[in-house]
Amino acid sequence: MPAIEVEGLKKNYGELQAVDGISFSVEKGEVFSLLGPNGAGKTTTIEILEGLRQKGGGTTTVLDMDPWSKGYDLHKRIGVIPQGFKFLDYPTPREAIVYYGVLFGKKVDPDELLRRVILEDAANIWFQHLSGGQKQKLGMALSLVNDPEVVFLDEPTTGLDPQARRAVWEVIRKLKTEGRTVMLTTHYLEEAEELADRVAIMDHGKIVAMGTTEEIESKYGSGQRMIVKSKGDLLKYLKENTKLEVEGEGGSVTIILRDKADAFVALGAIQESGVDWGDLTIRRDSLEDVFLKLVGEEGRSEKEGA
Amino acid sequence: MGFSGRRMLAELGVYARGNLRSKEGFFFTLVFPIILILLFGAIFSGGSSGPTTVYIQNLDNGPISSAFMGALNSTTAIKLVPVPTNQNFTQYLSSHSSTDGIVIPQGFSSTYIANQKVNVTAYGNPTSTSSAIVFGITSEIVNAFNLRGASGAHSVGVSMHTAVSSNYKYIDFLVPGLVGFSALTSPMFALVNISSTYRRDKVFKLLSLTPLTKTEWLTSKIIWYIGTTTISFILMSIVGIYAFGAHITFNLGIAMFLIVGPFFFVSLGMLVGTISNSPESAAVVGNLVTFPMMFLSGTFFPVAAMPMYLQGIAHVLPLFYMIDGLTNVMIYGNFGPAYFDVGLLLVISAVTFALAVRFFRWRED
Ligand SMILES: Nc1ncnc2c1ncn2[C@@H]1O[C@H](COP(=O)(O)OP(=O)(O)OP(=O)(O)O)[C@@H](O)[C@H]1O
Ligand SMILES: [Mg+2]
């Protein structure tokens, strides 16, 4: 029985179809990440799963419950950081944790939780005076007070410095080792690559790709490429004298390596061309390349026009 | 989804701390009530300090009663004003806006000389400072007379009577009026504001993710504002009594109104904040509801002093019933009408509370 199951989920705001029939499921203990450009529908999706918004259509189950109608029971078993977490102005992080402990009827050790999210130094500062990153860390701490089985994190590291980001990553890794299910949205592809067992790329309310990062890279990526910097017209030479698939812009030429032989052909041809060259690298499409390919510039400008 | 006192108290603790830590919260809870009463008290009370005026009716005419009056006159704390013997004394008192007076009975001198028991009657309002002075001085002089008496027997007694006059000073109305004003404004403004800022900052969403219920949340706010209203009441009473000589009868009836008033206005504030969907419209609706009550319910002026058509309006404003009830118990000690006021307020509060909890959404559709 998966922790989260979504089938044909839809949600519209008036004319706008924010979530357009998406389906996926997240296994218990899995870290699942939703990626997508601004306005793709990530927050809408995650808030429906948290029971904070009502769905427009389809079915959703979290821990075997309908999140909207069984919200009160579900909330005792899930942890949530909303996007752009804000809290009351005056409680300190320590007070906030104690308060949540009472609300959930859980014994919590505020110091332990504060240490866990590296917030000990700000334990007694009023929330309104915390820095952006410290606020976010308190959100993280509060989402864990009730010892949740499923944790929903909507852009938990946005606005954090690299150190703090890594600290949050550590917390998320620990959640996984403790067997909790994590659903994470992020704009940082490396974050998804680092943490997620599987990712789904969302655009315009639809899932355009889903799987492990390797699966997505090999399915939607262009495989290995050789990139060469050259001063002369290497691109022209290669196009005229070889059967290689090449593309280029500026002084850089990209040769698609369809198989291993292509690499030898390419190297030979470059040498024969007599063109001055340097900086040769071989790389594969990263998740970021695939992401940009799938939700390209065109998709974005269309979105802005809408 | 039962009601948990622990959760409610945790929420109350967080809210109370927030209010005490915020400058505005502190100001409106502790400083503002004092400013209000000082301001309005000073503007409208033509303060007359000095000796307490005591009306005295001497029905006797013998030598002892004259001596008695002479003794009373020699104290500087009171100023004796004789009342003609043909007047009904209590009516005379009330028509002169006073509660303080002494009546020396007919045959006082002869009875005293015959060494038989005789009483003078002291009228006063037991809770007012001036009456305490009258009772005190009368008893003292009576004691002195008894010691001087031939036999040393306690032949003169004092019988005390409570007099409540129907004419009161402005300050007497001001205290319940301003307590009502506080009970209205603090929770209304706070809750209308909270309902929009919490929604904007998604604090309601956060709360909905915890086991805290809307009823617990709203109850904690009611308790907090019962607290602040009680503090306002205490501060205003102290200032009213000591700075302006207000006459206040302290009794449990007051507590009913200090409870039911905030109960109603917290619920109303939440309902207003809930049914208007933007912060701007919430503020507008909030003011539309608050301002008429602020001025027409007897806050600054007794409703009875207003033109008839405004009195008609006052009678549909809930704050009127709180101030009316408070005035009844604080000044007149008149519980019958106060029970009606409190009963009416309880009913509309319960309905408003239920509606607020029902319509107040902390998730979105
Ligand atoms: N309450 C709402 N009313 C109207 N439109 C909304 C509402 N909430 C979201 N939208 C719209 O729905 C679309 C999806 O929004 P959503 O917040 O789910 O995107 P997102 O993927 O989380 O974006 P981001 O990465 O910027 O957080 C957006 O176009 C947004 O403007
Ligand atoms: Mg979002």
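Residues numbered from 1 in each chain as written. Chains lettered and ligands numbered in written order. Predicted model: local features only at pLDDT ≥ 70, side-chain atom pairs only at ≥ 80, totals over all residues. Heavy atoms only, no water.

1. Considerations on the site of ligand 1
Note the cut-off: The near set for a molecule or strand comprises every residue that places at least one heavy atom within 4 Å of it. Definition of a polar contact: a pair of N or O atoms within 3.5 Å, with one able to donate and the other able to accept a hydrogen when the atoms are protein atoms, and with sequence-neighbouring residues admitted only if both atoms are side-chain atoms. Only runs of H or I of at least four residues qualify as helices and only runs of E of at least two qualify as strands under DSSP, and these elements are numbered from the N terminus. Ten residue types, Ala, Val, Leu, Ile, Met, Phe, Trp, Tyr, Cys and Pro, are classed as nonpolar, four, Asp, Glu, Lys and Arg, as charged, and the remainder, Gly among them, as polar.
Residues in close proximity to ligand 1 total 16 residues, the closest being Asn38, Lys42, Thr43, Thr44 and His187 of chain A. Those chains with residues close to ligand 1 are chains A and B. Threonine 44 of chain A is positioned such that a nitrogen or oxygen atom in its side chain is 2.6 Å from an oxygen atom of ligand 1. Contact distances for ligand 1 include 3.3 Å between an oxygen atom and a side-chain N or O atom of glutamate 155 of chain A. For the shell around ligand 1, the secondary-structure elements that each account for two or more residues are strand E2 (16-26) and helix H1 (42-49) of chain A. A per-element tally of the shell around ligand 1 places H1 of chain A first, with 3 residues. Residue composition of the shell around ligand 1, grouped by class: 5 nonpolar, 7 polar and 4 charged.

2. Side note on the domain arrangement of chain A
Using the following cut-off: Each domain's extent was defined by an automatic or database domain assignment.
Per the domain assignment, the segments making up chain A are domain 1 (4-77 + 148-218) and domain 2 (222-284). Centre-to-centre separation of domain 1 of chain A and domain 2 of chain A, based on C-alpha positions: 40 Å.

3. Re the interface of chain A and chain B
Quick note on the threshold: We call two residues contacting when some pair of their heavy atoms lies within 4.5 Å. Simply put, the buried area is the total loss of 1.4 Å probe accessible area from both parts when two parts are fitted together. When a carboxyl oxygen of Asp or Glu lies within 4 Å of a side-chain nitrogen of Lys or Arg, that pair is called a salt bridge.
Each partner contributes residues to the interface: chain A has 30 residues there, and chain B has 26 residues. Carbon and sulfur atoms supply 63% of the area buried between chain A and chain B, which totals about 2800 Å² over both sides. Considering only the surface of chain A that becomes buried against chain B, Tyr72, Tyr99 and Leu103 of chain A emerge as the three largest contributors, covering 25% of it. Joining chain A to chain B, the criterion identifies 3 salt bridges. Summed over the shared surface of chain A and chain B, the number is 7 residue pairs in polar contact (both at pLDDT 80 or more). Top contributing element to the side of chain A that touches chain B by residue count: helix H3 (residues 93-104) of chain A, with 6 residues. Residues of the side of chain A that touches chain B, tallied by class, amount to 17 nonpolar, 6 polar and 7 charged.

4. Quick word on unusual backbone geometry
To keep it simple, the criterion reads: Partly exposed residues are those whose accessible area sits between 20% and 50% of the maximum for their type, while under 20% is buried and over 50% is exposed, using a 1.4 Å probe and protein chains only.
The backbone phi angle of aspartate 147 of chain A is positive, close to 55°, even though this residue is not glycine. Its relative accessible area of 47% is what places aspartate 147 of chain A among the partly exposed residues. Not every positive phi belongs to a glycine, and asparagine 61 of chain B is a case in point at roughly 115°. Following the sequence through the fold, asparagine 61 of chain B ends up in the loop between strand E1 (52-58) and helix H3 (63-74).

5. Thoughts on the nonpolar core
Stated formally: Take the buried residues of types Ala, Val, Leu, Ile, Met, Phe, Trp, Tyr and Cys, join any two whose side-chain atoms come within 4.5 Å, and each joined set is a nonpolar core.
If you look at the biggest cluster of nonpolar residues, it comprises 130 residues, and the most contacted ones within it are Phe87 of chain A together with Trp217 of chain B. Other than its neighbours up to four places away in sequence, phenylalanine 87 of chain A contacts Ala96, Tyr99, Tyr100, Phe127 and Leu142 of chain A together with Val203 and Leu206 of chain B.

6. Some thoughts on the packing of H3 of chain A against helix H1 (residues 5-21) of chain B
The condition is simple: Under this scheme, a helix contributes an axis fitted over its contacting stretch, all axes are lines through C-alpha atoms, and angles between N-to-C directions fall in the 0 to 180 degree range. Should an angle fall under 35 degrees it is called roughly parallel, over 145 degrees roughly antiparallel, and 65 to 115 degrees roughly perpendicular, with every other angle called oblique.
Close contact between H3 of chain A and H1 of chain B brings their axes to 8 Å; oriented N to C, the two are set at 155°. Classed by the angle they form, the pair H3 of chain A and H1 of chain B counts as roughly antiparallel. Note on element contacts: H1 of chain B touches H3 of chain A through Arg6, Arg7, Ala10, Glu11, Val14, Arg17 and Arg21 of chain B, opposite Glu95, Tyr99, Val102 and Leu103 of chain A. Across the contact of H3 of chain A with H1 of chain B, the residue classes tally to 5 nonpolar, no polar and 6 charged.

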